[in-house]
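Spelled out from the first residue to the last, the chains are:
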Amino acid sequence: MKITKICCIGAGYVGGPTMAVIAQKCPQIEVTVVDLNAERIAAWNDADVDNIPIYEPGLADIVAEARGRNLFFSTDVEKAIDEAQIIFISVNTPTKTYGKGKGMAADLKFIELCARQIASVAKDNKIVVEKSTLPVRTAEAIKSILDNTGNGVQFQILSNPEFLAEGTAVQDLLQPDRILIGGDASAEGQHAIAALVGVYSNWVPADKILTTNVWSSELSKLTANAFLAQRISSINAMSELCEKTGADVNEVAKAIGMDSRIGPKFLKASVGFGGSCFQKDILNLVYIAKSYGLHEVADYWEQVIIMNDHQKRRFSNTIVRTLYNTVADKKITFLGWAFKKDTNDTRESAAIYVADDLINEQAQIAVYDPKVSRKKVLADLDYLESRTAAANANSIVSFENPYEACEKAHAIAVLTEWDEFVTYDWKKIYDSMQKPAFVFDGRNILDRGEMEAIGFVYQGIGA
Ligand code: NAD
Ligand code: UGA
């Protein structure tokens with residue numbers, strides 16, 4: 001099948017960058033990204049490409065190149081579905097906040113809505129691609145909806161999970177470790193797989209395109225995130241033991257990472273992992289395992305989350321304990337609010353939970369993050385529903401300038417590993433702070449020797 005038109009439902013952190021790269025690399029294909037959120041679509045269409053809704057290094061240039069040529073952002077979902085041969089579903093699949101599986105299972109209501117809309121609109125055969133991260137066997141449910149509510153046309157469902165990480169999305173998309181495509185074993189299924197392989201082949205070498213059955217592909221995505229998050233919880237567990245024993249977690253990570261079987265990546269001890277996916281996907285995995293009666297499997301993976309929650313709480317407890325067991329009315333400055341550097345995404349960021357703990361202790365929090373607005377910081381705290389919005393607004397202020405954020409602070413907590421933090425004039429910051437001046441480095445990015453030479457009381461993670 002010759003692919004000339006692609007539609008992607010969901011213009012978020014995955015849909016936007018993924019389709020921008022497909023459009024850039026396949027100028028012969030018209031790519032339309034649609035979303036119900038008119039404000040988000042308007043931002044993607046903003047004449048000033050720096051105002052697109054997602055900050056990712058390199059993304060604005062790609063959008064500038066392809067937008068209006070063969071990349072379009074629209075709220076007209078039906079038209080885009082009608083015209084496309086391939087439809088990617090890239091909508092959000094958050095943890096359920098109600099009903100059966102509340103707090104654990106993935107909420108698939110947006111997926112089902114997409115399937116029903118595709119079924120009602122499609123007047124010719126379509127390839128439907130699961131780009132969102134989904135519980136294993138979701139394709140079965142999508143197929144049932146499509147086949148039972150459609151207009152008698154044929155649908156092929158492929159699983160094509162996305163492995164990009166935020167902050168490096170463009171690089172990850174341009175040079176993926178692999179592209180995974182799961183499809184049906186039937187001739188029609190293999191035909192659909194070949195069509196999608198054809199799209200990626202425009203820039204991804206053949207040996208990096210892996211095809212499997214649908215269930216392996218769906219489950220591989222949850223498995224990959226579980227393994228990645230598990231490495232972080234493992235090194236974070238060791239960080240606590242390091243603090244008790246005089247070992248240095250950075251040295252331990254380096255030592256074990258040189259074992260080629262372990263490898264050096266994803267061994268950075270931290271204040272705890274955040275982001276929209278690790279926790280959501282592991283909770284979902286735990287829920288799936290429990291639903292099959294696999295309690296040992298469920299308990300095993302749940303520990304990754306338990307450890308991560310402990311690490312966040314441990315960080316706020318350390319701040320309180322070190323500041324003479326009280327932070328009431330003390331200014332504590334957060335450097336960073338995003339869940340990692342080079343993104344404006346704050347979903348599940350450790351900063352939110354650490355701030356919440358410290359506000360419970362009546363601290364005054366000052367925040368500086370190069371990409372996160374005050375509105376977002378407040379919305380993140382309000383979402384926890386720990387106190388009224390007015391109380392949150394009274395307890396936290398955001399600054400546009402890091403030096404002003406640190407003035408008269410009792411302590412600085414580094415929550416995100418933004419490169420610029422390392423290059424600050426730390427002597428100037430020290431001089432403007434209350435004494436003793438404490439730094440709690442939740443990312444181990446600052447140099448202990450240099451900080452102590454200036455006069456700071458410095459505390460990192462696991463050392
Ligand atoms: P997101 O919240 O940024 O974007 C999802 C978009 O879908 C939203 O703009 C929403 O308005 C839109 N939407 C929801 N229902 C819709 C409907 N019926 N019709 C049209 N639009 C609709 O989410 P995201 O971060 O892009 O994640 C999307 C999926 O990709 C999730 O399943 C996630 O687990 C997975 N994923 C995310 C990442 C990541 O780094 N964020 C990486 C890999 C996979
Ligand atoms: C993660 C995966 O890395 C992607 O492959 C996957 O596609 C994505 O989830 C997803 O499914 O959404 P992302 O959450 O964007 O990507 O970013 P990561 O680089 O994985 O970082 C996640 C969190 O772990 C961040 O808070 C980061 O600071 C933390 N982290 C990461 C550590 O604390 N230590 C490390 O060594 C690595």
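Thresholds applied
- Residues numbered from 1 in each chain as written.
- Chains lettered and ligands numbered in written order.
- Predicted model: local features only at pLDDT ≥ 70, side-chain atom pairs only at ≥ 80, totals over all residues.
- Helix = DSSP H or I, 4+ residues; strand = E, 2+ residues; numbered from the N terminus.
- Rg over C-alpha atoms; globule rule 2.2 N^0.38 Å.
- Buried ≥ 20, exposed ≤ 12 C-beta atoms within 10 Å, placed from the backbone.
- Contact = placed C-beta atoms within 7 Å.
- Near = placed C-beta within 6 Å.
- Nonpolar A, V, L, I, M, F, W, Y, C, P; charged D, E, K, R; others polar.
- Pairing = 2+ DSSP bridges.
- Axes fitted to C-alpha atoms, helices over the stretch in contact; angles between N-to-C directions.
- Right-handed = clockwise from strand over helix to strand, strands pointing away.
- Domains from an automatic or database assignment.
- pLDDT = per-residue confidence, 0-100.
- Parallel < 35°, antiparallel > 145°, perpendicular 65-115°, else oblique.
- Left-handed = near helix turned anticlockwise from the far one by under 90°.

**Details of the overall build of the protein chain**
Moving on, step 1. A tally of regular secondary structure across the protein chain gives 18 helices and 14 strands.
Moving on, step 2. In terms of C-alpha radius of gyration, the protein chain reaches 24 Å, essentially the compact-globule figure of 23 Å for 463 residues.
Moving on, step 3. Here the protein chain holds 463 residues, and the buried ones make up 46% of them.
Moving on, step 4. Across the protein chain, contacts joining residues at least 24 apart in sequence account for 75% of those joining residues at least 6 apart.

**Examining the site of ligand 1**
Moving on, step 1. Taken together, the neighbourhood of ligand 1 is formed by 27 residues, with Gly 10, Gly 12, Val 14, Ser 132 and Thr 133 sitting nearest.
Moving on, step 2. Here the shell around ligand 1 takes three residues from helix H5 (residues 109-121), the largest share from any one element.
Moving on, step 3. The class makeup of the residues in the shell around ligand 1 is 13 nonpolar, 10 polar and four charged.

**Points about the site of ligand 2**
Moving on, step 1. The environment of ligand 2 is formed by 20 residues, the closest being Lys 268, Ser 270, Phe 273, Gly 275 and Cys 277.
Moving on, step 2. Ranked by the residues each element gives to the shell around ligand 2, the list is headed by helix H9 (residues 214-245), at three residues.
Moving on, step 3. Here the shell around ligand 2 is built from residues that sort into 11 nonpolar, five polar and four charged.

**As for the sheet that holds strand S13 (residues 438-441)**
Moving on, step 1. Read from one edge of the open sheet, six strands run S11-S10-S9-S12-S13-S14, paired in parallel fashion. Strands at the two margins of the open sheet, each flanked by one partner only, are strand S11 (396-398) and strand S14 (457-459). On average, each strand axis in the sheet is tilted by 20° relative to the strand beside it, whichever way the strands run.
Moving on, step 2. Relative to S14, S13 runs parallel, the two being bridged by three bridges. When the sheet's bridge partners are listed, Phe 438 is paired in S14 with Val 457.
Moving on, step 3. Helix H14 (residues 374-384) rests against strand S10 (364-368) and S11 of the sheet, and its axis sits at about 155° to S11.

**Here we look at the pairing of strand S2 (residues 30-34)**
Moving on, step 1. With four of its five residues buried, S2 lies for the most part within the structure.
Moving on, step 2. Of the strand pairs in this sheet, strand S1 (residues 5-9) and S2 are connected by five bridges, and their pairing is parallel. When the sheet's bridge partners are listed, Ile 9 is paired in S2 with Val 34.
Moving on, step 3. Between the parallel elements S1 and S2, the chain passes through helix H1 (residues 15-25) in a crossover that is right-handed.
Moving on, step 4. Looking at chain direction, S2 and strand S3 (residues 71-74) are connected through four bridges and run parallel. Within the sheet, the bridge partner assigned to Thr 32 lies in S3 and is Phe 72.

**Overview of the domain arrangement of the protein chain**
Moving on, step 1. Looking at the protein chain, the domain boundaries give domain 1 (5-204) and domain 2 (306-459).
Moving on, step 2. A C-alpha centroid distance of 36 Å is found between domain 1 and domain 2.
Moving on, step 3. If you look at the interface, domain 1 gives six residues, while domain 2 gives seven residues.
Moving on, step 4. Across the side of domain 1 that touches domain 2, the residue classes break down as three nonpolar, one polar and two charged.

**Re the confidence of the model for the protein chain**
Moving on, step 1. Confidence along the protein chain averages 98 in pLDDT terms, with 100% of residues attaining 70 or more.
Moving on, step 2. As a predicted assembly, this complex carries a pTM of 0.97 together with an ipTM value of 0.99.

**Description of unusual backbone geometry**
Moving on, step 1. Residue Pro 436 is reached from Lys 435 by a cis peptide bond, and omega for that bond is -5°.
Moving on, step 2. On the secondary structure map, Pro 436 appears in the loop between helix H17 (426-432) and S13.
Moving on, step 3. Its identity is not glycine, yet Glu 348 carries a phi of approximately 60°, on the positive side.
Moving on, step 4. Position of Glu 348 among the secondary structure elements: in the loop between strand S9 (331-335) and helix H13 (350-360).

**Thoughts on the environment of Leu 228**
Moving on, step 1. Within the secondary structure layout, Leu 228 lies in helix H9.
Moving on, step 2. Residue Leu 228 is classed as partly exposed on the basis of its 18 C-beta neighbours within 10 Å.
Moving on, step 3. Sequence spacing of Leu 228 and Leu 267 is 39 residues, and the spatial spacing of their C-alpha atoms is 9.4 Å.

**What about the packing of H9 against helix H10 (residues 249-257)?**
Moving on, step 1. Relative to each other, H9 and H10 sit at 135°, their axes nearing to 9 Å. Classed by the angle they form, the pair H9 and H10 counts as oblique. Two packed elements cross with a definite hand, and for H9 against H10 that hand is right-handed. Contact residues: Ile 235, Met 238, Ser 239 and Cys 242 in H9; Val 249, Val 252 and Ala 253 in H10.

**Brief notes about H1**
Moving on, step 1. In terms of residue burial, H1 counts as a mostly covered element, since 10 of its 11 residues are buried.
Moving on, step 2. Among all positions of H1, only Gly 15, Gly 16, Pro 17, Thr 18, Met 19, Ala 20, Val 21, Ile 22, Ala 23 and Gln 24 are buried.

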